[in-house]
Amino acid sequence: MGMHSSMGRLCVAVVPALALACGGDGDGRGDGEGDGGIPTTITAASNTDSATGQDEDSNSGTTNGTGNNSGVDSSGDGDVKFDLGTQPDANVGCGGGGGGGGGGAPDFSYIWIANSNSGSISKVDTQTLIEEGRYVVRPDSNGNPSRTSVNLNGDVAVANRSGGVTKIYAIPERCDNPANTSTGAGDVKAWPDGCIAWHTPFAYASQRPVQWTQGTFNTGTCRYEDTKVWTSGANGSIDVVLMDGETGVVEATVPIPGVNPNFYGIYGGAVDSDGNFWGSQLSQGYLVRVRLSDLSVSTWPMATSGYGMTVDSLGQVWTCSSNVGRFDPITETWQTAYAGGSGGCMEDGMGTLWLANDPMVGVDINTMAVVQTIDLPSYVHGISIDFQGNVWGPAIYNNEAYRVNPVTGQIDTVTGFNLPYTYSDMTGFALSNVGNPIG
């Protein structure tokens, strides 16, 4: 489909820990052995297409031929500077709206949860807990969607594990045909819903990660512009793909030589404050970085078995499962610790990394110690933070999702999903949390 751009004055200006806006794989879980919570340090040499490592099935090699991974896949001219942890230096002067928050209370705040079994994605208001839209995300409805990513304008991109990426506008005012858009779970429109911005097909056997870049904030349009979408797919080898966020057009395809895809390829993805793509493999494969500026590739062996991954507010890269691995891009060293997580993970902007499981686990990003656990009604496979500070987890086996207040312990439940397998940045908080938007 063609591109449709918003003409409204809607934007998000977000800083870590404080949002200020204007306007099937089945049941795979990590199984790394713990070390009692005491961090261990591992030094990994930085490489461009050169590293060594070994996976859980003892298939070893180098990235010059057989890197490893295994496991079960269950125009305007207004630039604004943002300082970490503080309010924007400039008065952005936008009239309202945004995907994260605005001058206090958010104008809208959604979590986007994929329904893998039905080839659709649900848009749930994180404050009212009402599902306000459900959208088919591939023309044949058979995409098996999983990872979702929300940009700083509040719009979502979703990757289909069977191939293809789709962008959906968050609010009808941005849509090409708002009269033909879903209003909830019982109102799923035939493809394409009027709020589908674009769909880009891919012929990959496995396409897992999807992640927005920050883009550049424009005070004239009150939007983040020049946004890009990273994704990755695998056939006999791994590609990392950079797409134009407005049109879905592929701008670059970056091969990742020497890393064995083992079918799934890169399993989870995130970006840092410069919009660089970081991806990790399932189990104990490789950590991959592709720079946004020049598309250069670096790889490092993972230090411990991982399932989910994220980048925190300090720029540290995490792999998460029973163990957590923390990678420092400056020193190129790993630290690991036992945590007792399982699926996805995300930092809350206040120094706690939350890991999916039952109980939900909170880990201090500095000490790597477990600092909180919260018992849940059921196992959750993903983690995402909303802009009110709640921690969300989709309960893949119960077809519901939980909103958890980590301070009070209150748990609210949203029901009616269809295999809600999502453990990526479902709200956009992780993107806002990694640091300064570009520009």
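Residues numbered from 1 in each chain as written. Predicted model: local features only at pLDDT ≥ 70, side-chain atom pairs only at ≥ 80, totals over all residues. Heavy atoms only, no water.

Draft legend 1. The arrangement of the state of the cysteines in detail. The final tally for this structure, using the stated rule, is 2 disulfides. Between Cys175 and Cys195 runs a disulfide, and the two sulfur atoms are separated by 1.9 Å. Taking the torsion about the sulfur-sulfur bond, which here is approximately 100 degrees, the covalent link between Cys175 and Cys195 counts as right-handed. On the criterion of sequence distance, the pair formed by Cys175 in the loop between strand 11 (165–168) and strand 12 (196–200) and Cys195 in the loop between strand 11 and strand 12 is long-range, its members being 20 residues apart. Taking relative accessible area as the criterion, Cys175 reaches 10% and is therefore assigned buried. (Disulfide = S-S within 2.5 Å. Helix = DSSP H or I, 4+ residues; strand = E, 2+ residues; numbered from the N terminus. Buried < 20%, exposed > 50% of the residue type's maximum accessible area, 1.4 Å probe, protein only.)

Draft legend 2. Focus on empty space enclosed by the protein. Approximately 120 Å³ is the volume attributed to the largest cavity. Considering the residues around the largest cavity, the lining is formed by 16 residues, among which Gln211, Ala270, Thr310, Asp425 and Ala430 are closest to the centre. Those elements giving two or more residues to the lining of the largest cavity turn out to be strand 19 (268–271), strand 23 (308–311), strand 27 (345–347) and helix 1 (429–433). A per-class count over the lining of the largest cavity returns 11 nonpolar, 4 polar and 1 charged. Estimates place the volume of the second largest cavity at around 60 Å³. Broken down by class, the residue content of the lining of the second largest cavity amounts to 5 nonpolar, 3 polar and 1 charged. (1 Å grid on protein atoms, 1.4 Å probe; cavity = no way out; pocket = protein on both sides within 12 Å on 5 of 7 lines; lining within 4 Å. Points joined across faces, edges and corners; volume = space filled by probe spheres on them. Nonpolar A, V, L, I, M, F, W, Y, C, P; charged D, E, K, R; others polar.)

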